[in-house]
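Commentary on secondary and tertiary structure
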Amino acid sequence: MNISSTQDAVIKREEQYGSHNYHPLPVVLKKGEGVHVWDLDGKRYYDFLSAYSAVNQGHCHPKIIAALVEQAQTLTLTSRAFHNDLLGEYAKFITEFFGFDRLLPMNTGVEGGETAIKLARRWGYDVKGITPGKARVVFAKGNFWGRTIAAISTSDDSSSTGGFGPLCPGFNNVPYDDSEALKAELEGPGGEDICAFFVEPIQGEAGVVVPSDGYLRRVKDLCEKHKILLICDEVQTGLARCGTMLASDHDGVKPDLLVLGKALSGGVLPVSAVLGSHEVMVVFRPGEHGSTYGGNPLACKVATAALEVLMDEGMVENSKIRGEQLRAGLNKLAAKPGSPISLVRGRGLLNAIVIGGNGGNYSEEGVAWQLCERMAGNGLLAKPTHGNIIRFAPPLIITASQIDECVSIIERSIDSL
Ligand SMILES: Cc1ncc(COP(=O)(O)O)c(C=O)c1O
């Protein structure tokens, strides 16, 4: 990919002084507005990653930025050693918004997941009566919820875990989209020690893996039958991304614990949340869990604005309709003779194409990366995951004509391979 010497110098500086824990596309961004971002040379791109679905509301949404600026000039952080005037108001707002009893505020998505696991273990001991030290949380194969030691301890991806052991005990996996496997785990040896099933309604980092309709409902029924908690990780799928406010709404399921993050601040600062029922959320006593920044006044104001914007601007509906339009366009590209696209999948505006197979003249190896480079050249940014899958997840404010333009950018980029 050809980039200017200015951008090249900035990338080299980052490579020299930064840890190499990411492999970004060679583009240096300096400005964002709505569905667009601009690089150092002033070139404009459609953002089809939306910071892994943190920027659902669009870059620098004026209402969210106004809330940020106003609060930043008033009070930003008190820690939880003292009360602040906004946490209670925000907790009331977000619990009513999603229909839960209580909120535990954190910052990043992975902290939300960690918090949910601690809540589930403690609930398992205090309420379900699991033998102390024995509680197990079951996960789905292919899960991704972050990079902390607990998060990688639940992963079956060797590139996440390799060389980082020893890993945490008390976790195991069953195949995704397989409620029978969960049933067997619950009914098998030690099933009585399971306190929770932790699952993404659609697996984002696994490559937008959409389970069969009713999977989550079957899982929820099993959880109720065996008295275990259903934890839905909606850090990536939630907040209108999948054409419903929560992806679990698609199956009409309300989890026992809901984990939110990313777009909870519209991409402005790290804000995450765990929501749950009174019975589960009160198992923590003072001093047993927390975070210096969790529940800070700035986050409370920004998250409230971010949720209001999703509702006020009809982003659930737009995500659903524009998602259908995008998949229809991509499916047309996949149907072209020799197309490198072997599969289009997704829901709402969380979508992916799988590259390879299909009798085309393309090897899987490297084509997804090359295609992302070509798309960048043509003004659209996306990033491969797992080598041959490209996620398409633009901000939820994208219009019909913009989707058409983006499909033609993708088509032109494929044709140029
Ligand atoms: C489903 C899911 N959960 C949790 C996380 C972790 O979020 P964060 O990077 O904010 O810690 C991610 C990040 O991609 C995610 O996709």
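Note that the structure is a prediction, hence the values are computed from the model and not measured.

Here the focus is helix H9 (residues 215-225). Regarding H9, the residues found buried are Tyr215, Leu216, Val219, Lys220, Leu222 and Cys223. The arc enclosing the buried residues of H9, seen along the axis, measures out at 160°, which places them on a common side. In H9, the exposed positions that point more than 90 degrees away from the buried face belong to Glu224 and Lys225. In the core, the buried residues of H9 are packed alongside helix H8 (179-187), strand E7 (194-199) and strand E8 (229-233).

In terms of nonpolar packing, the biggest core is built from 67 residues, with Tyr90, Phe98, Leu264, Leu380, Ile390 and Phe392 touching the most fellow members. When residues in this core are grouped by element, the largest group, 10 residues, is from helix H11 (residues 297-312). Lining this core are residues from two domains, each supplying at least three of them: domain 1 (5-60 + 315-416) and domain 2 (62-313). Ignoring any residue separated from it by four or fewer positions in sequence, one finds Tyr90 in contact with Leu103, Leu264, Val271, Ala273, Cys300, Ala303 and Thr304.

In this section: a nonpolar patch on the surface. There is a patch of nonpolar side chains on the surface, built from Ile149, Phe164 and Leu167 and spanning about 270 Å² of accessible area. Its location among the elements puts Phe164 in the loop between helix H7 (158-161) and strand E6 (171-174). According to the relative accessible area criterion, Phe164 is partly exposed, its value standing at 47%.

Reading across the sheet, the 4 strands line up as E11-E12-E15-E14 and stay open at both edges, with antiparallel pairing between neighbours. Strands at the two margins of the open sheet, each flanked by one partner only, are strand E11 (341-347) and strand E14 (384-385). Where E11 lies against strand E12 (residues 350-355), 6 bridges are found, and the strand directions are antiparallel. The residue bridging Arg345 from the neighbouring strand is Ala352, located in E12.

Counting through the fold element by element, Thr161 comes out in helix H7. Discounting chain neighbours no more than four positions away, the residues touching Thr161 are Ile152, Ser155 and Leu167.

If you walk across this open sheet you meet the 7 strands as E4-E10-E9-E8-E7-E5-E6, and the pairing is mixed. Here the strands that pair on one side only, and so sit at the sheet edges, are strand E4 (102-106) and E6. For this sheet, the mean angle separating the axes of adjacent strands, direction not counted, is 20°. Here strand E9 (residues 257-260) runs beside strand E10 (residues 272-276); their pairing, made up of 4 bridges, is antiparallel. Directly across from Leu258, in E10, lies its bridge partner Leu275. Against the sheet, helix H5 (residues 109-128) engages E4, strand E5 (136-140), E6, E7, E8, E9 and E10, with an angle of about 155° to E7. Where H8 meets the sheet, its contacts fall on E5, E6 and E7, and the angle it forms with E6 comes to roughly 140°.

Near the ligand you find Thr108, Gly109, Val110, Phe144, Trp145, Glu200, Glu205, Asp233, Val235, Gln236 and Lys262, and these make up its full shell. Here an oxygen atom of the ligand and a backbone polar atom of Val110 are 2.8 Å apart. Within the side chain of Lys262, one N or O atom sits 2.8 Å away from an oxygen atom of the ligand. Protein chains bury 82% of the 390 Å² of accessible surface belonging to the ligand in isolation. In the shell around the ligand, the residues fall into 4 nonpolar, 3 polar and 4 charged.

So, about the packing of helix H3 (residues 62-72) against H11. The geometry of a pair of packed helices is captured by two quantities: the angle between their axes and the separation between those axes. For the pair H3 and H11, the least separation of the axes is 9 Å and the interaxial angle reads 160°. Between H3 and H11, the interaxial angle falls into the category roughly antiparallel. Our pair here, H3 against H11, has a crossing hand that is right-handed. Where H3 abuts H11, its residues Lys63, Ile64, Ala67, Leu68, Gln71 and Ala72 lie against Pro297, Leu298, Lys301, Val302, Ala305, Ala306, Glu308, Val309 and Asp312. Classifying every residue of the contact of H3 with H11 gives 10 nonpolar, 1 polar and 4 charged.

Turning next to the pairing of E9. A two-sided burial pattern is seen for E9, the buried positions comprising Leu257 and Val259 on one face and Leu258 and Leu260 on the other. Where E8 and E9 come together, 3 bridges link them in parallel fashion. Residue pairing in the sheet places Asp233 in a bridge with Val259 of E9.

Turning next to the packing of aromatic side chains. In total, this model carries 8 aromatic pairs according to the counting rule given. An angle of 40° between the planes, with centres 5.2 Å apart, marks the rings of Trp145 and Phe198 as tilted. Linking Trp145 in the loop between E5 and helix H6 (149-153) with Phe198 in strand E7, this pair joins segments that are 53 residues apart in sequence. Among the residues examined, Trp145 registers a relative accessible area of 5% and is labelled buried. We classify Phe198 as buried; its relative accessible area is 2%.

Now for the domain arrangement of the protein. Interface size is commonly expressed as the accessible surface area that is lost when the partners come together. According to the domain assignment, the protein consists of domain 1 (5-60 + 315-416) and domain 2 (62-313). Between domain 1 and domain 2, the contact holds 30 residues from the first and 34 residues from the second. Where domain 1 touches domain 2, the interface holds 1 salt bridge. Close ionic contact of Arg391 with Glu205 constitutes a salt bridge, the shortest N to O distance being 2.7 Å. Remark: the boundary between domain 1 and domain 2 carries 19 residue pairs in polar contact (both at pLDDT 80 or more). Those elements that place two or more of their residues in the side of domain 1 that touches domain 2 are helix H2 (50-53), helix H12 (315-335), E11, E12 and strand E15 (389-392).

So, how was this worked out
Residues numbered from 1 in each chain as written. Predicted model: local features only at pLDDT ≥ 70, side-chain atom pairs only at ≥ 80, totals over all residues. Heavy atoms only, no water. Buried < 20%, exposed > 50% of the residue type's maximum accessible area, 1.4 Å probe, protein only. Helix = DSSP H or I, 4+ residues; strand = E, 2+ residues; numbered from the N terminus. Arc of directions from axis to C-beta. Contact = heavy atoms within 4.5 Å. Core = buried A, V, L, I, M, F, W, Y, C linked by side-chain atoms within 4.5 Å. Domains from an automatic or database assignment. Patch = residues over 30% accessible without salt bridge, like charges linked within 9 Å, V, L, I, M, F, W, Y side chains within 5 Å. Areas by Shrake-Rupley, 256 points an atom, 1.4 Å probe, with all protein chains shown as cover. Salt bridge = Lys/Arg side-chain N within 4 Å of Asp/Glu carboxyl O. Pairing = 2+ DSSP bridges. Axes fitted to C-alpha atoms, helices over the stretch in contact; angles between N-to-C directions. Near = heavy atom within 4 Å. Polar contact = N/O pair within 3.5 Å; in protein donor to acceptor, adjacent residues only side chain to side chain. Nonpolar A, V, L, I, M, F, W, Y, C, P; charged D, E, K, R; others polar. Parallel < 35°, antiparallel > 145°, perpendicular 65-115°, else oblique. Left-handed = near helix turned anticlockwise from the far one by under 90°. Phe/Tyr/Trp six-rings, centres within 6.5 Å; stacked < 30°, edge-to-face > 60°.

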